[in-house]
Every structure is written in C-alpha cells, then in structure tokens.
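Chain residues, written in single-letter form:
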Amino acid sequence: MTMSQKILQACPLPPPLAGKLPALCPVETLSDAPDQAAFLREHGAEFTVLITTGTQGADKALIDALPNLKAICSLGVGYDAIDLDAVRARGVMLSNTPDVLNDCVADLAMGLLIDTVRGISASDRHVRRGDWPRVGPTMPSTRVSGKRLGMLGMGRVGQVIARRAIGFDMEIRYHTRSAKPELPWQHEPSLLALAQWCDFLIVACPGSPETYHLVSAEVLNALGPHSYLINVARGSVVDEKALVAALENGQLAGAGLDVFENEPEVPTELLSNDRVVVLPHVGSATRETRAAMCELVLKNVERFVKEGGLVTPVRL
Ligand code: DGY
C-alpha cells in the first residue's frame, strides 16, 4: 500500500510558500510544537517530506526522527546545514534552489566590495555622527576599478560575480579544485598564490568539510595589508578568529562579510572595526529572488508529491 504524503515544515516559511503547501497535502510545522521531541516521537512516522531552509538545515536527529522520510526540499542553494551522511544513509532525496539567486547574490557581492573598499558605510556613519562639519570629510579610500580580483569558487554565483567585475575593468583569476577550461579566466591552483596576487578576494564557494577554514591565517597574511576580503558564501570557509587578528594587526585592509561562523552572532571585534562591513546574511534577500526561491521549492514538493521525483535534485 502506498503511504499518503504529509509535509513537515522544520520552521516557519515565507507566506508565498507556506500558503500554497496545504493545497498539495497536509502540512505541520515543527517549530509550532511546544515540545518538539514529544511531537516527533508521536507524529514523526507520518511525514514523507521535510521542508527546511539553508540556514535551518536538518540534523541527523531530525532525519532519524522521521522514519518514513523520502524527500527534503530546502529553501536556499547551500545545503551545508543538512546532515548529508544521514540523508545518504537513509536514501532520502534532496532538492535546493540553485540559479534563481545568482544575480542577487552577485549584486550584493559587488555592493559589499564597493562599500568596503570605498568606505561607504563608514562614511555614512561619519556624516550621521556630525563629524563632517567638525573634522571634514573621511580620508581618501581605495580605488575599485581596474584592480585584481581573486575568486575563491567559480560556480554559478562566482561566474555571475566575475561577469559583473568585468564591467569594473578588473583582471580576474580564480581558485577551484579543478580548472574550468571553458571559462575565460585564469585558474590558480594555489589559493595562497591567488591571495598574494589579488587586491580583492571574494569567497563564493559552497560551505562543506572540504572548504572549512580554507581562508586561513596564512591566506589572510598572503592577501596583505592593502587587500580586502569579501565573503558572500559561508562563514565556515573563513577562519574568523584569524580574520579578527589579521584586521587588528593591520595585516588586511578590510573585510565585507554577509556570512559568519556562528550566525547570528558576530564577533564584537568585527562590529567595532570601521574597516569591516557586516550584513545579516542577505545575499539572496530581495523580494523577487525570495519569491523565485519559494516557487522553486513549491515545484519540487509538487513534483515529489505527484510523481515521486524532484525538479532540482542535489546529486549526493
Ligand atoms: C543560500 O541560498 O544558501 C543563501 O545563503 C541564502 O541567502
């Protein structure tokens, strides 16, 4: 006998998505349960689909508590917060929301780069504090156009960032595990060499055990006192303690960060540093892109419920 489908939402989802799910099959929200462990013990076996987000993820305990789980549909392109070993071991299918967010994450990366290097947020604070009439304008900043851009990661988002950077006459090189000969930019097999070469290093690779702390103290040191780090990928890729130290010791000119190691916590040393721009992980957060991401999750859930497959499956 085929089991009927039932969805568990790991957390509250945006209304355009949450509002349309009940038309597909019954839905319950785990975070609504006053005692989530008790809820899972009593109802865990009823659910075949789990919907989560890139930041909420799904740990082994949750996956284990859903013995009839067949598919996880995640809102977001990154799935590092989902326990992939548990997903593989259980033979569960997984979908994410690739491509629809490339433009907005790339736009934000360029905005964060320009803000950090030209000191836009710092200058805004300067004016608001009333310092302009008192001490004059802020000190000259650093030129953006025509500089050397190093890309750590050259996937879907990285390529869109690189195309934007061409408009700023930047010379581009990238570091990935293997070269992509179809791309017009030079591959740099050594991240350290890329850091030594570039003026700006943009992190745009997935968060994973393989990329954990790739931007180490050594890489930050190789970047040097006139270079800037921009991270729109995952906090885990950068050794945050080493970053704080590099900024405090003047080994790095500045950093623009949309992501952190322990979100939503941001080290106080970063908050109090005027050469750092901090954002609350909003790379994909435009109304248009979030709507497109919700639509893609909905299409995945619908395909699964009706046909047993997914529209954008993650190859595990
Ligand atoms: C993602 O989709 O992984 C982004 O980080 C969400 O903003």
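Fair warning: this is a prediction, and the values are worked out from it, not measured in the lab.

**Side note on the sheet that holds strand E1 (residues 7–9)**
In spatial order, the strands read E2-E1-E3-E4-E5; together these 5 strands make up an open sheet with parallel pairing. Unpaired on one side and paired on the other, strand E2 (27–29) and strand E5 (93–95) mark the two borders of the sheet. Each neighbouring strand pair of the sheet contributes to a mean axis angle of 20°, computed without reference to strand direction. Inspection of the sheet shows E1 paired to E2 by 3 bridges, in the parallel sense. Within E2, the residue paired with Ile7 across the bridge is Val27. Its contacts with the sheet put helix H13 (residues 287–307) on E1, strand E3 (49–53), strand E4 (71–75) and E5, and the angle it makes with E4 is roughly 170°.

**What to know about the state of the cysteines**
What the rule picks out here adds up to 0 disulfides. In this structure Cys205 is a free cysteine whose sulfur lies 14 Å from that of Cys198, the closest cysteine sulfur available. Left without a disulfide partner, Cys294 is nearest to the cysteine sulfur of Cys11, which lies 11 Å away.

**A few points about the packing of aromatic side chains**
Ring pairs (aromatic) are described by centroid distance and by the angle formed between their planes. In total, this model carries 2 aromatic pairs according to the counting rule given. Ring geometry for Phe39 versus Phe47: centroids 6.1 Å apart, planes at 35°, classification tilted. With respect to burial, Phe39 and Phe47 carry one shared label: buried.

**Thoughts on the site of the ligand**
Around the ligand, the surrounding shell consists of Gly76, Val77, Gly78, Leu101, Arg234, His281, Ser284 and Arg290. In the model, an oxygen atom of the ligand is placed 2.9 Å from a nitrogen or oxygen of the Gly78 main chain. In isolation the ligand offers 230 Å² of accessible surface; the protein chains occlude 87% of this area. Counted by class, the shell around the ligand contains 2 nonpolar, 4 polar and 2 charged residues.

Rules used in this analysis
- Residues numbered from 1 in each chain as written.
- Predicted model: local features only at pLDDT ≥ 70, side-chain atom pairs only at ≥ 80, totals over all residues.
- Heavy atoms only, no water.
- Pairing = 2+ DSSP bridges.
- Helix = DSSP H or I, 4+ residues; strand = E, 2+ residues; numbered from the N terminus.
- Axes fitted to C-alpha atoms, helices over the stretch in contact; angles between N-to-C directions.
- Contact = heavy atoms within 4.5 Å.
- Disulfide = S-S within 2.5 Å.
- Phe/Tyr/Trp six-rings, centres within 6.5 Å; stacked < 30°, edge-to-face > 60°.
- Buried < 20%, exposed > 50% of the residue type's maximum accessible area, 1.4 Å probe, protein only.
- Near = heavy atom within 4 Å.
- Polar contact = N/O pair within 3.5 Å; in protein donor to acceptor, adjacent residues only side chain to side chain.
- Areas by Shrake-Rupley, 256 points an atom, 1.4 Å probe, with all protein chains shown as cover.
- Nonpolar A, V, L, I, M, F, W, Y, C, P; charged D, E, K, R; others polar.

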